[in-house]
Structures are given as C-alpha cells and as structure tokens.
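Inside the fold
In case you want the letters, here they are:
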Amino acid sequence: MDFVLQSVLNGILAGCIYALFAMGLTLIYGVLNFVNFAHGELIMWGAYFLYLLMEKPLSLPISLALPPALFLTILLGIGIDQFVFKPLRRANRLTLLIAALGLSFFLRNGAQFFWGAEIRTYGFEIKRGMRFLGVSITFNQIAIILTSILCILFLYLLFHRSRIGKSMRAVSDHLELARVVGIDTKRTIRIAWIISALLAGVGGILLALDTNLQPGMGLINLVKAFAATLLGGVGNFWGAFWGGILIGLAENLGVLVISPGYKDAIAFGIMVLMLLIRPATLLGSEESS
Amino acid sequence: MRKLTCLIIFLGILMHFSISSGTAQETYRIGAAFALSGSIAVYGEGFKKAVDLAVEEINAAGGIKGKKIEIMYEDNKSTAKDCVTAVRKLITVDKVPVIFGPAASSNFMAAAPVAQESKVVMISAEGAAPGLTKAGEYIFRVFPSDVLQGKGISDLCVRLNYKEVPIMYVNNDWGLGLKNVFVENFKKAGGKVTDEIPYDEGKTDYRTELIRATKGNPPATVNLTYIKEGAVMFKQGYEMGIKTQWICGSAAKAPKLVELAGKAIEGIIGTYPVFSQETKEYKAFRAAWKKKYGDEKIPIFGEYNYDMVFLTAKAIEKGGYTSEGIRKALFEVGKGYRGVTGDKTFDQDRGVGSEYGVWTVKDAQIVDYK
C-alpha cells in the first residue's frame, strides 16, 4: 500500500464530507446571516430517517428508502425554520446562535430518545476496497467524491444561472431591500432551507454508509465543517468546498508527521488562524446586516 | 403548614423504626450500595441475586459464630451522586462497618473517599479501573485490575512471537493507563513498540490513525479499543486492505462489535480475565445457583459478588464486627483463598490477581483462541 497516496485519498474523502456539510452551513449563513449550529443534527437525522425506513417494519431497500428519507430531512429543515428561526427573524445574532445551539441539543437528544445512544449500521456487508495504484477505494467512497462534486456544480449553477439563485443573493445582501424590490423573500428563504437540508441529508447518509450511525455523528463533523466554511470565506460555495478538502488533507497528511492525538488540533488551528488573519470574513457580513 | 407537620411526624416515625431496628443487632449487617434502578440496574439485579445466594448459604450453615448476616441494600440509582448518598446513608444511619460498593468504576470511585474518611471498609466486585482502590486502605476489590490486563496483552504478543508492534489506544484514562502497562511489560520482555497512536473517542473517521499505525505493514498491531471505536476502525481498516493481526483487550470482547464490524473482525484476538469453570468451587456454585433460581443464567460478574460475600463473612469471623478488624482480616482470609473466581489473595493495593484467557472471532462468534 502506498501510504502517502492512501493518505491523500483519505484526506479527500474526509474533505468531501466536510465540504458537503460546509456548503449547507454557508448557504444558510449567506441568506440568513447566522451560523446554524443545528446543521449537524439535520445531518444525523437524515441518516436516521434512512435507517428508520430500512428497518422493520418497513424494511425498504435502499433505492426506495432514499427519496422519502431525503424528503423527511427537508421537512425537518423547513420545520426548524418555521418553528424556531422564523419567529426569531429579527432577533439579534446572539439570540439566533443560542437558539441554534439549543435546537442542536434538542434534536440530538430526540434521536437518542428514539434510537438510544448505541451505534447502528444499515447492515450492508463490508467489502474490501478496489485497488488502483496501491490505493484502495470502495464504491461508497467513490459515491462520496462524485456526490460532493455534483452538489457544488448544482449550487454554482443555481446561484449564478437561475432567478432563485439571484434572489437568494439579493436576500443575502439586504433582506429589506430585496423585499422592497419585489422579491418573494419568504419563498427564497424556504428554498435556502430546502437545499441546506437536502445537502445535510445526502451528506449524513453518505457518512453513515461509510461509517456508522450514532446521535453524535453530525456534531463531531460540524466543527470541522465550520472551520472549512471560515477558511473558504463565509457564504462562498467554492470556498466551502475547497476549505473542506484542504482541512481533510491537512489532517490526514499532518498525522503522518505528528501524533494522531493532535489530529483535531490541525483543523482548529487552521480555524483560529483564519479568524486572526481574516476576521473580515465573519465581521464583514455582520456590518452589512 | 399542616401538610408539613404531617410530613415531619411521618419522617420521625420512619426514622424511629430504622434506628430501633438498628439498635437490635441480632445480626451482622453488611451494607450494599447497588444499582437497583437507573441505567445499569440490569447489572445490579444480577449482583443482588448472587449476593443473596451467598448469604443464604452462609446463614444455612449457621452464620458467623451463630449469628446470621443480613444485607442492607441501598439503591444507588446508577449515578455517581446517588452512590455517594447511598454509601453515606449506610455509614451514618445503618452504621455498617463494611459495604459492598457500587458497580461501574467511576461510580465506585466517587463513593470510595466517603467510606475511606469514615474508616468503613468498601469492596468492589466489578471495578476494573487501575486506580480503583486509590482512595485508601479501607478500599478493596475482588475483581482484577486492568493493569494486569496490560501485562496479559504483552504476554500474548510474546507468546505469539510478535517482537515489534505498534500500539493504538483510546485517548482517555483507561486507554492511556493500559497502554503504559503494556509498553512497560513488552519492553521488559524484549519487545519493541514501533509507534504509539492515541485516538479520540466517538469519531467517525479513523483512516488516518490506521494508516499511521500500519505504516510498514506490521504483522501485528495492538489496539486498546472500545466497541464503538473498534467497529468503525476495523471496518475502515478492512476496506483499505490493511492486513495485520489485531490484538485487543477485554473491552472489545462483545457480540455488538461482531454485529457492527462483521467479517472485518474475523480472526481478531484479545485477552480477558478468566477463571476455570471446572473447579469444584465453580461447580458447587453453579449447582447452588440452579437450585435457588431454577436456571443457569449466571449474571455477568455474579461469581465475583458471590466470592466477595464469603470473603467478607470470613473476615468478620476472624477480625470481629468492626471495620478495623475486617480490614486487617481481609488480607489474612484472602491469602490463598480459592473462590469461585480463583485465587483471592490481596496484593499491597488491596486488589486481586487473575489469569487471562484469549478470545478470538471465528465465523462471527466470539470463541476461545487455541
């Protein structure tokens, strides 16, 4: 096995997962100007919805269970906005932050209530990866990479080539002004939540297929996704994508040199550095809101 | 106000009863702060059955110098806080000189200082944490410490002729403690630890750590893991085509791991504390269990609880019904004592030794390694 090449691949894989989550985070940030700390729980619930449909009594095959699972995740995303964030639309950022944190606990404990804290799997058989150039990769891992690329292309086209995307950007720039010029801001915000929840659901399911299901699965990856978001500049999709990949690579290659006990320190180190060097990415948008 | 008065009167009556029964002293009373409700109550019930069986046998044989023993059960609700409350109640209200402590090392260790300060003997039949008896000279265990397991894993590596191994471990008190004991013993035995890889609990991606550990394709890798982390790791290692002989401790020996990791853990081996089920002591215990409870479903650690009661009874007989007497006598009665779980000689840390067996996974079943 080629250790460096395998580490690069592992880095890209981890990076793609971070990127998928970071894109959903950055989308909500872009449109509503707050960090949705409950995004990790959307990810987790997406994975658990699929589990629910694939287990007894329904026992659906994955191809049939996937669309309704994603649909349920989207419904949850819309529900979150409707019942928690919509009433707080004019609240200050601190209130929104605390609401998101509270919601995160609520949703995580909710999943724990229904399924318990133990780990679960979808029950697929484990396979050895295919081998190319001394590197092994599983079918599922190829799916992760392709899905993230598709998602970023989809977002790019949506934002730069469609009316919805333009209205989202307008809402992001100035909510009141967008409303004044006749943009249906409610619809725009709803679409942003739908896409964000969809990205979370897809990412969560891919992550669970690659590893296992557990109530904390979203949270552990969210912090990395947040670092990726900062790295790429908040509200910037390509930035979120490359930020995710970069953090994944930095972690995986860094560990070949330093002790893996400090793996997380790499991601957080990058995050702290970004906050110190480029605080404008965060504060800049605060000024405009 | 009247409600409050009623309550006070009621409590007064209640206390009167407990005190009056306490002054009678017709029996030797032993406290037991067991988990009878809460998250690990499922274990607590089993421990209680094992203790009850031992008590019944001792009393049937005439008790201790003609006096019967009686267990004062106190529910510790499976939380550290209520363990402290339960132990405190047993000491101050029931005034027992010896207590069977709570299960779960962390719960036991929370309550141990209370017993130590009050100079009351407290014994654990399930705690594995190396520092379990650290609180002081009144704290004992009849269950082997994880420290011994570190040596057991080292011995296993030597036995299988693995001279150079990397070690991966969960980055917490348990993992770090066990790792240190392993490294120390393995070096003493002439082995070489090529790399030490700590990893965090509860992550979803361990590929990096796995790559680092198996750099240079070591024939065997020691991995001190739990079920959750092990399931993710062995699966990801299998997918990456890592071929090494995984060697684990007893924490990974669980059907749940087999369920989660499937064929990725076929052939994995590990150590666990064992005692022979062929001894006359064990056979007698099993027969007695079947007679009392009508089945052979002996709960996990039930045997250790059973031994704990007998040791305590012997200590009371020898040293008298005082905590100081029991504390001193425990060493004497434990010396060379062959219980259901083997030799119960206490070492200077008031713990006991154990033999270690080796388990492996074959055809999705945990079996003894041969």
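Refer to the structure above for everything that follows.
Throughout what follows, the structure given in this document is the object of discussion. Quick caveat: nothing in here was measured; it's all calculated off a predicted structure.

Turning to the overall build of chain B, a few remarks are in order. Counting its regular elements, chain B contains twelve helices and 14 strands. The C-alpha atoms of chain B give 23 Å as radius of gyration, which agrees with the globular expectation for 370 residues (21 Å, within 12%). Considering only C-alpha atoms, chain B reaches an extent of 75 × 55 × 40 Å along its principal axes. Residues classed as buried in chain B amount to 49% of the 370 residues present. In chain B, 67% of the contacts between residues at least 6 apart in sequence involve partners at least 24 apart.

This next bit is on the interface of chain A and chain B. Facing the 31 residues of chain A at the interface are 27 residues of chain B. Elements that contribute at least two residues to the side of chain A that touches chain B include exactly helix H1 (3-32), helix H9 (217-232), helix H10 (237-254) and helix H11 (263-277) of chain A. In terms of residues, the side of chain A that touches chain B owes the most to one element, H1(A), which gives five residues. Among the residues making up the side of chain A that touches chain B, the classes are represented as eleven nonpolar, 14 polar and six charged.

This part takes up the sheet that holds strand S2 (residues 69-75) of chain B. Residues and elements named next belong to chain B. If you walk across this open sheet you meet the five strands as S2-S1-S3-S4-S5, and the pairing is parallel. Lying at the two open borders of the sheet, with one neighbouring strand each, are S2 and strand S5 (139-141). Within this sheet the neighbouring strands show an average axis-to-axis angle of 25°, counted without direction. When strand S1 (residues 28-34) meets strand S3 (residues 98-100), the two strands line up parallel, connected through two bridges. Bridge pairing in S3 links Ala-32 to Phe-100.

Residue and element names in this part refer to chain B. Strand order in the open sheet made by the seven strands is S7-S6-S8-S9-S10-S13-S14, with mixed pairing throughout. Strands at the two margins of the open sheet, each flanked by one partner only, are strand S7 (192-199) and strand S14 (365-368). The sheet shows a mean angle of 30° between the axes of neighbouring strands, direction not considered. Two elements, strand S10 (residues 269-274) and strand S13 (residues 355-362), share six bridges in a ladder whose sense is antiparallel. Considered in S13, the bridge of Tyr-272 is made with Gly-357. Along the sheet, helix H5 (residues 146-159) contacts strand S6 (164-170), strand S8 (220-224), strand S9 (245-248), S10 and S13; its crossing angle with S10, the most-contacted strand, is approximately 135°.

Conventions adopted
- Residues numbered from 1 in each chain as written.
- Chains lettered and ligands numbered in written order.
- Predicted model: local features only at pLDDT ≥ 70, side-chain atom pairs only at ≥ 80, totals over all residues.
- Helix = DSSP H or I, 4+ residues; strand = E, 2+ residues; numbered from the N terminus.
- Rg over C-alpha atoms; globule rule 2.2 N^0.38 Å.
- Buried ≥ 20, exposed ≤ 12 C-beta atoms within 10 Å, placed from the backbone.
- Contact = placed C-beta atoms within 7 Å.
- Nonpolar A, V, L, I, M, F, W, Y, C, P; charged D, E, K, R; others polar.
- Pairing = 2+ DSSP bridges.
- Axes fitted to C-alpha atoms, helices over the stretch in contact; angles between N-to-C directions.

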